[in-house]
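# Understanding the architecture of this molecule
Read off the chains here:
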Number of protein chains: 2
Amino acid sequence: MPQRREAVTIADVARTVGVATSTVSRALNQPGRISDELRDRIVAAAATLGYHPNPQARSLTSGRTQSIALLVPDITNPFFFGLIRGAQAQARARGHRHVLVDTEESAEVEALTLAELPASVDGIVLAAARLTDAELTAAAGRVPLVLVNREVPGLRSVVMDTAAGALQALDHLVSLGHRSVAYVAGPATSWSSRKRWRALQRTARRLGVDCVRIGPFPPTMAAGAAAADAVVHHRVTGALFFNDLLAIGALRRFAERGIRVPDDLSVVGCDDIFGADFCRPPLTTLTTPVEQTGRVAVDMLLSTPTVGEPVRAGQTLPTHLTIRESTGPVPTRRAGRP
Amino acid sequence: MPQRREAVTIADVARTVGVATSTVSRALNQPGRISDELRDRIVAAAATLGYHPNPQARSLTSGRTQSIALLVPDITNPFFFGLIRGAQAQARARGHRHVLVDTEESAEVEALTLAELPASVDGIVLAAARLTDAELTAAAGRVPLVLVNREVPGLRSVVMDTAAGALQALDHLVSLGHRSVAYVAGPATSWSSRKRWRALQRTARRLGVDCVRIGPFPPTMAAGAAAADAVVHHRVTGALFFNDLLAIGALRRFAERGIRVPDDLSVVGCDDIFGADFCRPPLTTLTTPVEQTGRVAVDMLLSTPTVGEPVRAGQTLPTHLTIRESTGPVPTRRAGRP
DNA sequence: CTGAAAGCGCTAACAT
DNA sequence: ATGTTAGCGCTTTCAG
């Protein structure tokens, strides 16, 4: 394998052109403050020599690293793919590199990363944070931070309004005649699952329909089987799942047990992940603006709030119900079920 | 928003303990070369003060950055999710950070990234490279490089053996009675698509079956519709798709046009991405060890070949055919087709 | 085993 | 408009 070649430095360029290193630096970074003729010569020399700035060295003096980090609890979860995409796209658009960290659903890994990373990045987008409000507030003192799907007083965040969306979904089921539904909860640590459940509970009461909470479950397809069995056991006619992964996993289990969706049971997912439109049956689900969330979060992170300007600490992005084929009228009899 | 706090440096620790900075550095990096008692005091002080090394500064002197980059042509493609996962997991296991770059299917972005990145990372894993052999060889001279799904003489690589897999798939179709099949090609720039086609062509001739090449197509679900129409037009009874994305997109189109899979037409995908098992019908596909590929590539990248030890430049990972429900016996009549 | 000192490549005052 | 001079935080000689 070839040797790792010595990199071309600013000093090489300076020597070639016959100027000071600081002049080269300026020519490349503040093109206005240098004579056009000299700047052209410097730029040309840099190109000829194949000069590329060393971000490490640059960040050491300037404090800026031109890179941001995105922390997600589980890179395995397709939901986060959209977030990664959106964040990556916006980071690139704003000239930043993108470090991806999987915190493995662990508060400890999250805390450690938050402690180690500040020197390496200009800011952090933290999705589905596991830490406490106090810990997050402390972290935000060390590095610019934007939370995704989590709100903490005083911290910047962008959340998808799945609570409002869940109500839409509930309305949808109620309008189809359902009077007894279940909410299949996500992880106990999930802020959005808790928030959604509270909204559902309140509204169900107002609407006079039964809404039971089942779970918590891990947000995975594998857990869908157990969730499905629990739903069946509760004898409801409709189920709102914490996310599509769980719902799709459950769909398979329902099929195995001979429970027809939506004839015997209506199923609503959440997120509208890749696959929700081509699973069997195509899933009625809460469509969330995942990519947009990633973009907005990065934008928020990178925007330096001008002094005096009102800082919008939290943004809530709307969701909408996408009706496909997993929901239908309430069954008139409990056909095919014990 | 809180101010960005001054970070604790090695000098702070040194002052607290009353030693030189170099001693602190050694205590933290070469624990053997310092007295146990002093090392303990230093480590304790570092913990108390909340010291975390600044990777930028460290890399400036040491040359090592403790981070690697993964370059993928399109972060949107679920196929790469597995790769990202595997790479991220192995990088973490080996104590490295992970920078993700989407080269947007563009040779220029790829070249630029390869030029800019070397100072920031200890090595690069480059998936589905678009550049020429010469350009890649040049890049490998500047930074440790491992190619994924691309082979270049003299460079390290890990490829999934989809050519062999495609032959298995062809055998499968032939054994079901198919005599006229199509290969739906991926992008013209795809090394693995070309390689697969050559293998298929050769074997089809030997087996005495017809194998036409259709395409190229972009490797997306959206392109699946056009691919499906082309397949129908060629009046084959079986089709091998470049990837699952294309195949799943085609499945939907076939359904729209009233063509039954597998009754009228057998479909084989490639990759076994998320969703291939729950689409309609579940897809017979070439299962590729994507995550393993990511792990192996990172391992290869980070392993310093001992002098004298034989360097294994290229690794080929096996694939296998996963038979689900999109393939079946050849139709006896051209039912339902013009 | 520990300390002093010299940079790594770059930017940001401060001069001129 | 350009050059000079300090460092950024850390590792690494080189001396004790």
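Because the structure is a prediction, the values reported are computed rather than measured.

### Observations concerning the overall build of chain A
- Check the secondary structure of chain A and you find 12 helices and 12 strands.
- For chain A, whose C-alpha radius of gyration is 26 Å, the value lies well above the compact-globule estimate of 20 Å for 338 residues.
- Principal axes of the C-alpha set define a box for chain A whose edges measure 90 × 50 × 35 Å.
- The buried share of chain A, reckoned over its 338 residues, is 54%.
- Long-range contacts, defined as pairs at least 24 residues apart, comprise 69% of the intrachain contacts of chain A with a sequence gap of at least 6.
- Only carbon and sulfur atoms are counted for the fraction: they give 52% of the accessible area of chain A, which is about 14500 Å².

### Brief notes about the interface of chain A and chain B
- Listed as interface residues are 54 residues of chain A and, on the opposing side, 54 residues of chain B.
- The interface formed by chain A and chain B holds 12 residue pairs in polar contact (both at pLDDT 80 or more) in total.
- Its residues assigned to classes, the side of chain A that touches chain B comprises 28 nonpolar, 12 polar and 14 charged.

### Things to note about the protein's contact with DNA strand C
- Neighbouring DNA strand C are 27 residues, the closest being Ile10(A), Tyr51(A), Arg58(A), Thr23(B) and Thr61(B).
- Near-protein atoms of DNA strand C (within 4 Å) split between backbone and bases, with sugar and phosphate holding 66%.
- Between DNA strand C and Asn29(A) there is a distance of 3.2 Å, counted from a phosphate oxygen to a side-chain nitrogen or oxygen.
- Contact between DNA strand C and Asn54(A): a phosphate oxygen at 3.2 Å from a main-chain N or O atom of the residue.

### Observations concerning unusual backbone geometry
- Here the amide bond leading from Val261(A) into Pro262(A) is cis, since omega sits at 10 degrees, within 30 degrees of zero.
- Within the fold, Pro262(A) resides in the loop between α11 (244-256) and β9 (266-271).
- Look at the link from Gly215(B) to Pro216(B): it is a cis peptide, with omega at 5 degrees.
- Positive phi, close to 55 degrees, is recorded for Asn149(B), a residue that is not glycine.
- Within the fold, Asn149(B) resides in the loop between β4 (145-148) and β5 (156-160).
- The class for Asn149(B) is buried, based on a relative accessible area of 14%.
- Although it is not a glycine, Arg235(B) adopts a positive phi angle of roughly 55 degrees.
- Here Arg235(B) is to be found in the loop between α10 (224-233) and β8 (238-241).

Criteria and thresholds
- Within any chain, residue numbers begin from 1 and follow the written order of that chain's sequence.
- Note on labels: chains are lettered from A, ligands numbered from 1, in written order.
- The predicted origin of the model limits local features to residues at a pLDDT of at least 70 and limits the giving and counting of side-chain atom pairs to 80 or more, whereas totals for whole chains, interfaces and linings rest on all residues.
- Each side-chain value is worked out from all heavy atoms of the structure, with water and hydrogens disregarded.
- Helix and strand definitions here come from DSSP, where helices need a minimum of 4 consecutive H or I residues and strands a minimum of 2 consecutive E residues; each element is numbered from the N-terminal end.
- What the globule rule says is 2.2 Å times the number of residues to the power 0.38, and the radius of gyration is computed from C-alpha atoms.
- Buried residues are those whose accessible area, probed at 1.4 Å on protein chains only, stays under 20% of the maximum for their type, while exposed residues exceed 50% and partly exposed ones sit between those limits.
- Whether two residues touch is decided by their heavy atoms; if any such pair falls within 4.5 Å, the residues are in contact.
- Each accessible area is a Shrake-Rupley result for a 1.4 Å probe, and residues are judged covered by the shown protein chains and nothing else.
- Here a polar contact is recorded for every N or O atom pair within 3.5 Å, except that within protein the pair must consist of a potential hydrogen donor and a potential acceptor, and residues adjacent in sequence are included only if both atoms are side-chain atoms.
- Each residue is assigned to one class: nonpolar for Ala, Val, Leu, Ile, Met, Phe, Trp, Tyr, Cys and Pro, charged for Asp, Glu, Lys and Arg, and polar for all the others, Gly among them.
- Note on terminology: near, applied to a residue and a molecule or strand, indicates that one of the residue's heavy atoms is within 4 Å of it.

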